[in-house]
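# Structure at a glance
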Amino acid sequence: MCQRVMAALGRAYYFSMGFRVVVKGKQVSSSQAPILAVAPHSTFFDGIVCIVAGLPSTVSRVENLATPIFGRFVRCLQPVLVSRKDPDSRKNTIQAIENRAKSGGHWPQVLIFPEGTCTNRSCLITFKQGAFIPGVPVQPILIRYPNKLDTVTWTWQGFGSWTLLLLTLCQLYTTVEIEFLPPHIPTEEEKKSPALFASRVRESMAQTLGVPVTDHTYEDCRLMISAGELTLPMEAGLVEFTKISRKLNLKWDNVRKELQSFAAMASTCKGGRITIEEFARFLKLPVNPALEELFGLFDRNGDGTIDFREYVIGVTILCRPANTEDVLQMAFKLFDIDEDGKITHEEFTALLRSALGVSDLNMTKLFKDIDADNSGFITFSEFQAFATKHPEYAKLFTTYLELQRYQAMQEALPGDLELSGDCVSGEKQEDSTSDKKDD
């Protein structure tokens, strides 16, 4: 009885705001599909699908409870609440979804917006895996707003909830289409891989909608906001976070720190892209063959600039693996000419001038940055701490050594110069290809 009253009140609420609902397809029972996956999610008005679906349980952000009128309605659905600030929220949410999906009918169907955030409906972003971890059949539900004037889209950038509510009330009527697709019954392969299950459901929904899919997620929005706070163009934060984090094993906090390092280089650049001159200025080094080689490894598309995505991949694949203690010990010993366990300003400057081929190079500022205690010399611990914080130098050093070996081979075998050059070039190209392997 209570459920019927709530459904009637919900329909009256949306009807009073001028919503005209068109339903396509047929909803299956809880035994046939315990989970309902709704996309694209673009507004708080999407709650209308809960009315049409018979008031199932929902998965909703804690913040949604504070939304005018809609928040009260959400509370009545016994939702599984998600908090992005609670580190245990994800684990608790998945457990709650699984318990309800496998309750044998004790709980109603669970309705989930798998995108996890609102978008502008132009594509389907990466689906969160929570709805697909239980490995039970999922019924996809599509939601469309085929109106000439869009007064409903509620994203992280744009009109606020009160403004959208007012604009919608000013319309004569607002059409919303809700389409129930046939349930997707997971294969054994999909039951073992929630990511694959989610991807295939998203693909079938996107094909029916006629929109593309993208690997962007809510975390990309957070990076865009962070980029704006760091005076970078906001689009610099679009890196397809889920894709690179999965392949490079990166956490959001790690990528956020790399964004700060990137901003230190690119804050003065137009468009948030680094040229080789800015790259050299940040490293406090002149443009030279070793630096050009390193820059070329970062510049994956060869356009002469480095964007944030290229920077993250370059630092993770190229620089951090080269930043080992063995490499740092070798570098320190080369600088420490008299082998007294410390590097003086003269030793530091002499080697860099020789390595970079610049006789009038002033390395005082870089030396002071490494000499943390201002003792006038660099210890290995200071050298290691600086290299850990600035991994670009480690790869620059190994690149310089590779170039030195190549030059030595040319000088040692003048008669076989052409053959040696071809072999080394091939080897070098193979290394570069390996470094630039697809992310």
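Our structure's up above, just so we're on the same page.
Sequence positions are assigned chain by chain, starting from 1 and proceeding in written order. Totals for whole chains, interfaces and linings use all residues, but because this is a predicted model, local features are given only for residues with pLDDT of at least 70 and pairs of side-chain atoms are given and counted only at 80 or more. Side-chain measures here rest on the full set of heavy atoms in the structure, leaving out hydrogens and waters.

### Remarks on the packing of aromatic side chains
Condition: A pair of Phe, Tyr and Trp rings is counted when the ring centres sit within 6.5 Å of each other, with Trp represented by its six-membered ring. The angle between the planes then sorts it: under 30 degrees is stacked, over 60 is edge-to-face, the rest tilted. For the exposure calls, accessible area comes from a 1.4 Å probe over protein chains only, and a residue counts as buried if that area is under 20% of its type's maximum, exposed if over 50%, partly exposed in between. Every helix listed is a DSSP run of H or I at least four residues long, and every strand listed is a run of E at least two residues long, numbered separately from the N terminus. Only Lys NZ and Arg CZ are tested; either one counts as a charge over a ring when it is within 6 Å of the ring centre and within 35 degrees of the ring normal.
Tallied over the entire structure, the rule returns seven aromatic pairs. Measuring from ring centre to ring centre gives 5.4 Å for Y14 and F19, while their planes differ by 85 degrees; the resulting arrangement is edge-to-face. A relative accessible area of 4% places Y14 in the buried class. Residues F44 and W154 carry aromatic rings whose centres are separated by 5.0 Å and whose planes lie at 80 degrees to one another, so their mutual orientation is edge-to-face. Linking F44 in the loop between β2 (35-39) and α2 (48-52) with W154 in the loop between β6 (138-144) and α5 (161-169), this pair joins segments that are 110 residues apart in sequence. Residue F44 shares its accessibility class with W154, and that shared class is buried. Each member of the aromatic cluster is reached from another via a ring pair, and the members are Y13, Y14, F19, F44, F45 and W154. The aromatic ring of W107 is capped on one face by R100, whose charged end is 3.9 Å from the ring centroid. The ring centre of F377 lies 4.6 Å from the NZ or CZ of K342, which sits over that ring.

### Notes on the pairing of strand β7 (residues 174-180)
So the rule is basically this: Two strands are said to pair when DSSP picks up at least two bridges between them.
Burial analysis of β7 places seven of its seven residues in the buried class, the great majority of the element. Pairing analysis gives six bridges linking strand β1 (residues 19-24) to β7, with the strands arranged parallel. Looking at the pairing, V23 lines up with I178 of β7. Judged from the four bridges that link them, β6 and β7 form a sheet pairing that is antiparallel.

### Side note on the environment of F113
Which entries qualify depends on this criterion: Note on definitions: a residue-residue contact is assigned when non-hydrogen atoms from the two residues lie within 4.5 Å.
Within the element layout of this structure, F113 appears in the loop between β5 (110-112) and β6. Separated by 76 residues in sequence, F113 and A37 have C-alpha atoms that sit 5.8 Å apart. Beyond its immediate sequence surroundings of up to four residues, F113 is in contact with V38, H41, D46 and V49.

### Structural notes on unusual backbone geometry
Geometrically, the link from A39 to P40 is a cis peptide bond, its omega value of -5 degrees lying close to zero. With respect to the helices, strands and loops of the structure, P40 is situated in the loop between β2 and α2. If you check the backbone angles, N374 has positive phi at about 55 degrees while not being a glycine. Among the structural elements, N374 can be located in the loop between α16 (364-370) and β9 (377-378).

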